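# Chain and residue survey
The primary structure of each chain is shown beneath.
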Amino acid sequence: MTIDFTEELRWRGMLHDMMPGTDEQLRKEMTSGYIGFDPTASSLHIGNLATIMLLVHFQRAGHKPYALIGGATGMIGDPSFKAAERTFLDEETLRFNQEGIRKQLEQFLDFDCGANSAEMVNNYDWFKDIGFLQFLRDAGKFLSVNYMMSKDSVKKRLETGISFTEFSYQLLQGYDFYHLYKNKNVRLQMGGSDQWGNITTGTEIIRRKEGDEEGYFKAYALTTPLLTKSDGSKFGKSEGGNIWLDATKTSPYEFYQFWLNQSDEDLPRYLRVFSFKNKQEIEALESSHAEAPHLRIMQKALAEELTSRIHSERAFQLVLKATEVLFGKATLETLQSIAADEFETVFNGVPQTEITLQEWNDCTNITDLVSTVTYSEIYASKGEARRAIQQNAVSVNKVKVTSAEQPLTDFSLLQERFLLISKGKKNHLIKLKM
RNA sequence: GGGGGUGUACCAGAGUGGCCAAAUGGGGCAGACUGUAAAUCUGCUGGUGUAUGCCUACGGUGGUUCGAAUCCAUCCGCCCCCA
């Protein structure tokens, strides 16, 4: 009656590759598996969310998930498919990031459900006591440089340059797997398809150190496809960069908007990866979407599910309200009818700039207001602002600005302290400090 | 250590003394069309509001010249080949 892990991944399109024997192992018994997350930032982003879902499904299928935080590997930097060497993060930042990521991972997995309770480990805990010589003898001796160089993930870098440090990364990750295999009986490492090379380095170390007498691997690998966008650009980025799970880095409003704006073509895939909805539910959404594409039923369903899951139901409700006002049929009158404190809550996540009353009073025209007076946060320069206005791109409180020289006396503040600027269809709020 | 190459705007990449704020492509931002989608078409994409102006910019510094992204010196970074 429990769900079959690989079956589940297959119909969701989340299975990219796995080692021979993986399926058999998973069907045979409750298996421990892990995924690693390096603390390169203080928050995870939606690119990580796909692999987190892998762990979640893993646990739902009755297996035991380990979330590994790369406190040690994060100090080195994974070169996989990266075009250039990266700069180190300082240790303070790493420890700070590590803590943020740990907290986020905690909310996705169940750490108290009996035998298959999730566990969290940090590879810094075992690497901090291993000396260089010991590591060379324990891990390095088992793999040839030739083997390590043959990985696709480092091929490009072998042409353009890679430091010994980054080149060693796969050895560290491989050793992690070995360590968990030895101490926690972890048999499977999962990850995005870009991690295949690093993961198989791990299975190789285990095989060579532990022997392979029965002719099948004792440690397994499974990867999920990296998400792509139908137009070929990178998934998970917006104008502002990454879409983070942390509400202070990407507000629930921006988070919701991100999903709402994904193209029709990509949604069936995203629903399967990110939603908990089952096959029938997803297919039903697809057919209702096909009947009335302009309603964007799939986008709304996914945006709703993820916003309430990652943030909260209340956050979602507020975001929905903000969206209705900003993109709906709202007029100047609607905006004026919203009370000040409600305005504050509802538009909380909408990008905004605070200026002083003095700055507002001193400002003579709209061009200055949306450029220098708002610290170039809306438009980078006066020239850019002027151009945009000439191109009919700017409105204030839902009314188009017609001239770059328009004086501010033409616009009235909402609730005596807000001004809603729209550059194109995107919104920005100006708030007076009181 | 020897030899060669290369460094140009967000990225790729042209430009090899004035016509260069720098071709072209991508990206980005808008407009039209729409559904806050995709595709397509159009405009913009160094600053300063209009000045054949001025300032800042072709890895750093210094020089040659009336004039330098372009020539010279030197330093720095990166890549390739030989040892």
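Refer to the preceding data block for the structure.
In short, a report on the structure. (Residues numbered from 1 in each chain as written. Chains lettered and ligands numbered in written order. Predicted model: local features only at pLDDT ≥ 70, side-chain atom pairs only at ≥ 80, totals over all residues. Heavy atoms only, no water.)

For strand β2 (residues 32-37), a buried count of five out of six residues is recorded, marking the element as mostly surrounded by other parts of the structure. Relative to strand β3 (residues 64-69), β2 runs parallel, the two being bridged by six bridges. What sits directly across from G33, in β3, is P65. In this fold, the crossover linking β2 to β3 by way of helix α3 (residues 46-60) has right-handed handedness. Of the pairings in the sheet, the one linking β2 to strand β5 (residues 186-192) comprises three bridges and is parallel in character. Counterpart to S32 in the pairing with β5 is V186. (Buried < 20%, exposed > 50% of the residue type's maximum accessible area, 1.4 Å probe, protein only. Helix = DSSP H or I, 4+ residues; strand = E, 2+ residues; numbered from the N terminus. Pairing = 2+ DSSP bridges. Right-handed = clockwise from strand over helix to strand, strands pointing away.)

Mapped onto the elements, T367 comes out in helix α20 (residues 366-373). Residue T367 is classed as buried on the basis of its relative accessible area, which comes to 2%. Filtering out sequence-adjacent residues up to four positions away, T367 remains in contact with K382, A385, R386, I389 and A404. (Contact = heavy atoms within 4.5 Å.)

The next subject is a nonpolar patch on the surface. Residues F132, L133, L136 and F164 make up a contiguous nonpolar surface patch of roughly 480 Å² in combined accessible area. Per-element tally for the nonpolar patch: the top contributor is helix α6 (residues 132-138), with three residues. On the accessibility criterion, F164 (60% relative accessible area) is exposed. (Patch = residues over 30% accessible without salt bridge, like charges linked within 9 Å, V, L, I, M, F, W, Y side chains within 5 Å. Areas by Shrake-Rupley, 256 points an atom, 1.4 Å probe, with all protein chains shown as cover. Salt bridge = Lys/Arg side-chain N within 4 Å of Asp/Glu carboxyl O.)

All right, on to the nonpolar core then. Inside soluble globular proteins, nonpolar side chains tend to come together where they are buried. If you look at the biggest cluster of nonpolar residues, it comprises 68 residues, and the most contacted ones within it are I46, L49, M190, W259, F274 and F347. The greatest single-element share of this core, amounting to nine residues, is contributed by α3. Once residues within four sequence positions are removed from consideration, F347 is found in contact with A322, V325, L326, I338, Q352 and L429. Residues W126, F127, L143 and Y175 belong to the second largest nonpolar core, which totals 25 residues. (Core = buried A, V, L, I, M, F, W, Y, C linked by side-chain atoms within 4.5 Å.)

Before going further, it helps to examine the protein's contact with RNA strand B. Around RNA strand B there are 30 residues in total, and N261, T323, K382, R386 and K425 lie nearest to it. Of all atoms in RNA strand B that approach within 4 Å of the protein, 58% are sugar or phosphate atoms. In the model, a base nitrogen of RNA strand B is placed 2.7 Å from a nitrogen or oxygen of the D264 side chain. One of the backbone nitrogen or oxygen atoms of G383 is found 3.2 Å away from a phosphate oxygen of RNA strand B. Looking at the surface near RNA strand B, the elements that each hand over two or more residues are α8 (152-160), α12 (252-260), α16 (313-327) and α21 (382-390). (Near = heavy atom within 4 Å. Polar contact = N/O pair within 3.5 Å; in protein donor to acceptor, adjacent residues only side chain to side chain.)

Across the sheet, six strands lie side by side as β1-β6-β5-β2-β3-β4; this open sheet has mixed pairing. Looking at the sheet topology across the chains shown, the edges are occupied by β1 (17-18) and β4 (119-122). Helix α10 (residues 169-184) contacts β2, β3, β4, β5 and β6 (220-224) of the sheet and is inclined by roughly 145° relative to β5. (Axes fitted to C-alpha atoms, helices over the stretch in contact; angles between N-to-C directions.)

Moving on, we get to a positive patch on the surface. Among the surface-exposed residues, K400, K423, K425 and K426 lie close enough to one another that they form a single positively charged patch. Position of K426 among the secondary structure elements: in strand β13 (residues 426-433). (Lys, Arg positive; Asp, Glu negative; His and termini not counted. Charge placed at Lys NZ, Arg CZ, Asp CG, Glu CD.)

Strand order across the open sheet formed by five strands is β9-β13-β12-β10-β11, with mixed pairing between neighbours. What marks the edges here is a single partner per strand, and that holds for β9 (352-356) and β11 (399-400).

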